[in-house]
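Residue-level listing of the chains:
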Amino acid sequence: MNQEHGHEVDPVNKAAKAEGADGADGADEAEATRRAAGDSESSRASRGWWDRNADEYQSEHGAFLGDDRFVWGPEGLDEAEAGLLGPAEELKGLDVLEIGAGAAQCSRWLAARGARPVALDLSHRQLQHALRIGGDVPLIEADAGALPFRDGSFDLACSAYGAVPFVSDPVKVFREVRRVLRPGGRWVFSVTHPIRWAFPDEPGPEGLSIAASYFDRTPYVEQDEQGRAVYVEHHRTIGDRVRDVVAGGFRLIDLVEPEWPAWNSQEWGGWSPLRGNLIPGTAIFVCERDG
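Residues numbered from 1 in each chain as written. Predicted model: local features only at pLDDT ≥ 70, side-chain atom pairs only at ≥ 80, totals over all residues. Heavy atoms only, no water.

## Examining helix α5 (residues 124-133)
Along α5, the positions that sit buried rather than exposed are Gln126, Leu127, His129 and Ala130. Seen end-on, α5 carries its buried residues on one side only, within an arc spanning 150 degrees. For α5, the exposed residues lying more than 90 degrees away from the buried face are Leu131 and Arg132. Considering only its buried residues, α5 is in contact with α2 (39-65), α4 (105-112), β3 (116-121) and β4 (139-141). Of the residues that open α5, the one with a side-chain oxygen 3.4 Å from the backbone nitrogen of Arg125 is Ser123. Backbone geometry just downstream of α5 places Gly134 in the positive-phi region, at approximately 100 degrees. (Buried < 20%, exposed > 50% of the residue type's maximum accessible area, 1.4 Å probe, protein only. Helix = DSSP H or I, 4+ residues; strand = E, 2+ residues; numbered from the N terminus. Arc of directions from axis to C-beta. Contact = heavy atoms within 4.5 Å. Polar contact = N/O pair within 3.5 Å; in protein donor to acceptor, adjacent residues only side chain to side chain.)

## Some remarks on unusual backbone geometry
Positive phi, close to 65 degrees, is recorded for Tyr161, a residue that is not glycine. Judged by its relative accessible area of 0%, Tyr161 is buried. Positive phi, close to 70 degrees, is recorded for Ala163, a residue that is not glycine. Relative to the elements of secondary structure, Ala163 occurs in the loop between β5 (154-160) and α6 (170-180).

## Some remarks on the pattern of salt bridges
As enumerated under the stated definition, the model contains 17 salt bridges in all. The shortest N-O distance in the salt bridge between Arg34 and Asp216 comes to 3.8 Å. Here Arg34, found in strand β1 (residues 31-34), pairs with Asp216, found in the loop between β6 (181-192) and β7 (220-223); they are 182 residues apart in sequence, far enough to count as distant. Judged by relative accessible area, Arg34 falls into the partly exposed class, the value being 32%. When the shortest N-O distance is used, the salt bridge between Asp95 and Arg182 registers 3.0 Å. (Salt bridge = Lys/Arg side-chain N within 4 Å of Asp/Glu carboxyl O.)

## Notes on the sheet that holds β4
By way of backbone hydrogen bonds, the strands of a sheet pair with one another, either parallel or antiparallel. Taken in spatial order, the seven strands line up as β4-β3-β2-β5-β6-β10-β9 in an open sheet, and their pairing is mixed. The open sheet has two edge strands, β4 and β9 (250-256), and neither has a second partner. Averaged over all adjacent pairs, the angle separating strand axes in this sheet is 20 degrees, with direction ignored. Both β9 and strand β10 (residues 282-289) contribute to a ladder of six bridges, which runs antiparallel. Bridging from a neighbouring strand, Asp254 pairs with Val286 of β10. Docked against the sheet, α5 engages β3 and β4, running at close to 170 degrees with respect to β4. Running at roughly 145 degrees to β6, α6 makes contact with β2 (95-99), β5, β6, β9 and β10 of the sheet. (Pairing = 2+ DSSP bridges. Axes fitted to C-alpha atoms, helices over the stretch in contact; angles between N-to-C directions.)

## Topic: the sheet that holds strand β8 (residues 229-233)
Across the sheet, three strands lie side by side as β1-β7-β8; this open sheet has antiparallel pairing. Only two strands of the sheet have a single neighbouring strand rather than two, namely β1 and β8. Adjacent strand axes in the sheet meet at a mean angle of 20 degrees, parallel and antiparallel pairs treated alike. Relative to β8, β7 runs antiparallel, the two being bridged by four bridges. Paired with Glu222 across the strands is Tyr231, a residue of β8.

## Overview of the packing of α2 against α5
The contact between α2 and α5 brings their axes to 7 Å, and the two run at 35 degrees. When α2 is examined against α5, the residues Trp50, Asp51, Ala54, Asp55, Tyr57 and Gln58 are found in contact with a partner set consisting of His124, Arg125, Gln126, His129 and Arg132.

## Concerning the nonpolar core
Ranked by size, the top nonpolar core spans 26 residues in total, and within it Leu97, Ile99, Val177, Trp187 and Phe189 carry the most contacts. Counting only elements with at least two residues in this core, the list comes to β2, β3, β5, α6, β6 and β10. Setting aside its immediate chain neighbours within four residues, Phe189 contacts Trp72, Ser159, Val164, Phe174, Val245, Ala283, Ile284, Phe285 and Cys287. If you look at the next biggest cluster of nonpolar residues, it comprises 18 residues, including Trp72, Leu85, Leu156 and Ile284. (Core = buried A, V, L, I, M, F, W, Y, C linked by side-chain atoms within 4.5 Å.)

## Considerations on the environment of Glu267
Tracing the chain through its elements places Glu267 in the loop between β9 and α8 (273-276). Owing to a relative accessible area of 56%, Glu267 belongs among the exposed residues under this scheme. As a C-alpha pair, Glu267 and Ala82 span 185 residues in sequence and 22 Å in three-dimensional space.

Here is the structure:
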């Protein structure tokens, strides 16, 4: 994932994001706030944040993600188990676009099952990690809102915490995904479960009490001393997400809320066994191109 699965939102703790927001832009410390952030500002912030933090992210979460494993979120739900893209034996020969691919772990898993994946990410540094790990998966550096592919190029599209939580206009992204999919193509993406926005981003007991309105859609922004966004994450309610899917030209066929498994003892930012056993942390939308 590029999450915030780490393509992820990045399940990286927001406080940790603030501490790690220094880098090429010269910001020594980022100020966390809630304010409006449009397409271009969100895109610039995401590219910069992931370029600066890709090394730390892959170092911290690489073992959990694996080099060729398809994990939908911090809970550890594996596509090999979930089959949200369809039966694994039917992936052979299919053209698949992974959006927000990070180091392309999910794409390698797809390639191992005979699919023909293309891994796309906004971050040059994340894709350098994909090159470091290796494999024959094509890597594309591009914005999810302007996919550099012809109409009807893919049978499937997927994103494990990639792109969607970071864009101000998800419908624009969904319409682009629909455009590059063939008729009947499936689009599956995971994001932070919207209910999490009402709670503090903390793994312990302090993360169990509601601290904000679930209905406040104001983006979470970290900005430098000049007020420039260095990290942006956008909130949509469950209802918003469903309406966005429909407006993007898709039919929602399933909404998966993974339960926290007994084997998973890790904490990942605000994700933890304590919270995962009580409230959902990830929402996975399984969609098909409508027409």
